[in-house]
Amino acid sequence: MREYLSAVFGNRESRLALGKSIEEGRLSHAILIEGAEGSGKSTLAKELAMASLCEHRTDPSYPLPCRRCRACHLVEENLTPDVHVLSRGDKATIGVEAVREVRADAMLSATEFDQRFYIFQDAESMTVQAQNALLKVMEEPPTEIKILLLTTSADAMLTTVRSRARLVRMQRFSPGEIAAYLKEKAPALLNAAPASATDTETLLTAAQGSIGSALALLSPQSREAVAKKRAEVLSVIQALSTRTYTPILNAIGNLPTKRDELSDALLLLHTALRDLVLLKRTDDPPMTFFPSPDAVPSTMRDISLVALLAVVKATEEALEEIEKNANVTTVQALFGSRLREAQKVR
Ligand SMILES: [Zn+2]
């Protein structure tokens with residue numbers, strides 16, 4: 001069996017389908033690649049370009065891409081003008097000028113290869129105007145061009161763009177699959193001191209299915225930061241299992257006071273609460289915050305469903321208030337009194 005797009009980890013079905021399309025010369029003109037940060041979108045985009053330009057693309061005795069021919073080499077080393085990567089750089093959005101340049105460039109006759117690739121990173125940050133301009137390019141491809149749109153959320157793109165592009169969703173991996181990958185590619189990172197086995201497992205869970213996030217989370221600095229954030233969240237939940245107000249006040253006092261950091265902490269709390277709510281409903285739910293049901297302390301398991309739901313609501317309200325620019329101290333005070341109410345529910 002021929003090997004397709006093997007620089008991408010996992011994603012077997014997508015790799016096979018896309019590889020076959022390239023082999024048969026019928027890869028879509030526009031592809032929307034959706035996946036979390038670090039899920040391999042850029043790697044896949046580069047593989048698609050390399051495979052499409054590979055001199056051995058129709059020869060099944062070679063892997064696709066072959067990684068040996070001149071074309072593969074040029075793409076690998078970013079040496080060909082026929083593969084463009086566009087990003088927003090330090091700007092907030094990708095504006096219409098960027099797409100106009102693509103359009104002008106696409107009008108020029110092909111240089112070295114018979115196809116030209118435009119890879120847009122953070123495609124969701126394209127302005128509506130830019131997306132509309134892109135549609136024109138997609139509708140009347142001047143030469144053989146391929147547009148690859150990389151995004152964390154396909155829903156954030158215009159419907160008209162979505163409907164003209166083939167959608168590829170990157171796979172989310174289980175903590176076990178990520179561990180297997182890291183064991184092979186980055187064993188030192190996986191075994192790094194000082195974390196215990198449980199800590200590593202927790203971090204792999206916190207990566208939420210993304211290998212890139214796992215790599216970032218496992219770095220020593222980040223291990224510490226993650227541990228601190230998780231401890232803050234756990235202390236809020238722990239406080240709920242007591243009957244007094246002081247632990248709640250202490251836990252809230254330990255939450256970050258910067259707006260965006262507080263918002264991150266509340267989002268993390270929300271994922272932990274979601275795990276606890278799911279645990280009330282089934283024995284072995286898919287967990288996001290805790291590595292496994294066994295990792296949940298019994299005091300937390302004892303918090304009633306009604307109380308948990310009240311805290312979920314309080315957390316969502318606090319997040320909304322932050323969103324609406326409410327004063328952080330006020331948000332924390334309100335959150336505290338709502339938690340106090342939730343604590344009384346048994
Ligand atoms: Zn090749």
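Cut-off values and rules
Residues numbered from 1 in each chain as written. Predicted model: local features only at pLDDT ≥ 70, side-chain atom pairs only at ≥ 80, totals over all residues. Helix = DSSP H or I, 4+ residues; strand = E, 2+ residues; numbered from the N terminus. Buried ≥ 20, exposed ≤ 12 C-beta atoms within 10 Å, placed from the backbone. Core = buried A, V, L, I, M, F, W, Y, C linked by C-beta atoms within 7 Å. Pairing = 2+ DSSP bridges. Axes fitted to C-alpha atoms, helices over the stretch in contact; angles between N-to-C directions. Contact = placed C-beta atoms within 7 Å. Domains from an automatic or database assignment. Expected span 1.5 Å × (residues − 1). Left-handed = near helix turned anticlockwise from the far one by under 90°. Nonpolar A, V, L, I, M, F, W, Y, C, P; charged D, E, K, R; others polar. Parallel < 35°, antiparallel > 145°, perpendicular 65-115°, else oblique.

A. Quick peek at the overall build of the protein. Along its length, the protein carries 16 helices and five strands. Judged by the C-alpha coordinates and their principal axes, the protein covers about 75 × 45 × 35 Å. Per-residue burial for the protein yields a buried fraction of 34% across its 346 residues.

B. Expanded view of the nonpolar core. Core analysis: the largest hydrophobic core is formed by 60 residues, its most contacted members being I33, F120, L148 and L149. At seven residues, the largest contribution of residues to this core is made by helix α2 (residues 41-53). Core analysis: the next-biggest nonpolar cluster, separate from the first, contains 28 residues, L255, L266, A272 and A307 among them.

C. A look at the sheet that holds strand β4 (residues 145-151). Strand order across the open sheet formed by five strands is β2-β3-β4-β1-β5, with parallel pairing between neighbours. The open sheet has two edge strands with one neighbour each: β2 (83-86) and β5 (166-169). Averaged over all adjacent pairs, the angle separating strand axes in this sheet is 20 degrees, with direction ignored. Running at roughly 170 degrees to β4, α2 makes contact with β1 (30-34), β2, β3 (116-120) and β4 of the sheet.

D. Just the environment of A186, in detail. Assignment of secondary structure puts A186 in the loop between α7 (175-185) and α8 (187-191). With 15 C-beta atoms packed within 10 Å, A186 lands in the partly exposed category.

E. Highlighting the domain arrangement of the protein. As assigned here, the protein comprises domain 1 (12-169) and domain 2 (225-344). Of note, the centres of domain 1 and domain 2, computed from C-alpha atoms alone, are 41 Å apart.

F. Just helix α11 (residues 220-240), in detail. Look at α11: 31 Å from first C-alpha to last across 21 residues, which is about the 30 Å you get at 1.5 Å a residue. What α11 keeps buried is the set V226, V233, V236, I237, A239 and L240.

G. The packing of helix α12 (residues 246-254) against helix α16 (residues 328-344), seen in detail. Look at α12 against α16: their axes get within 10 Å of each other, and the N-to-C directions meet at 145 degrees. The element α12 and its partner α16 pack so that their crossing is right-handed. Two secondary-structure elements touch here, α12 through I248, L249 and I252 and α16 through Q332, F335, G336, L339, R340 and Q343. Taken together, the residues that form the contact of α12 with α16 break down as five nonpolar, three polar and one charged.

H. How the structure looks around the packing of helix α15 (residues 305-323) against α16. Two numbers describe how α15 lies on α16: the axes approach to 9 Å, and their chain directions differ by 170 degrees. For the element pair α15 / α16, the angle class is roughly antiparallel. Residues A307, A310, V311, A314, E317, A318, E321 and I322 of α15 touch α16, and the partners they reach there are V331, F335, R338, L339, E341 and A342. Split into classes, the residues belonging to the contact of α15 with α16 amount to ten nonpolar, no polar and four charged.

I. Region of the structure containing the environment of I237. Examined against the element boundaries, I237 turns out to sit in helix α11. A count of 21 C-beta atoms within 10 Å places I237 in the buried class. Once residues within four sequence positions are removed from consideration, I237 is found in contact with A272 and M300.

J. Quick look at the environment of T152. Secondary-structure assignment places T152 in the loop between β4 and α6 (159-164). Judged by local crowding, T152 falls into the partly exposed class, with 16 C-beta atoms found within 10 Å. Between the C-alpha atom of T152 and that of M300, which follows or precedes it by 148 residues, the distance is 33 Å. Among all residues touching T152, those that are not within four sequence positions of it are A36, E37 and E124.

K. Representation of unusual backbone geometry in the model. In this model, L64 is joined to P65 through a cis peptide bond whose omega is -5 degrees. Looking at where P65 falls in the secondary structure, it is placed in the loop between α2 and α3 (70-76). A positive phi is found at L5, a non-glycine position, where the angle reads about 45 degrees. Structurally, L5 is set in the segment before α1 (12-23). Classification of L5 by C-beta neighbours within 10 Å gives buried; the count is 22. Unlike most non-glycine residues, N325 shows phi in positive territory, near 70 degrees. Secondary-structure assignment places N325 in the loop between α15 and α16.

L. Fine view of the pairing of β3. Most of β3 is tucked away, with five of its five residues classed as buried. Taking every second residue as pointing to the same face, both faces of β3 are buried, with R116, Y118 and F120 on one and F117 and I119 on the other. Here β3 runs beside β4; their pairing, made up of five bridges, is parallel. Residue pairing for β4: I119 is matched across the bridge by L148.

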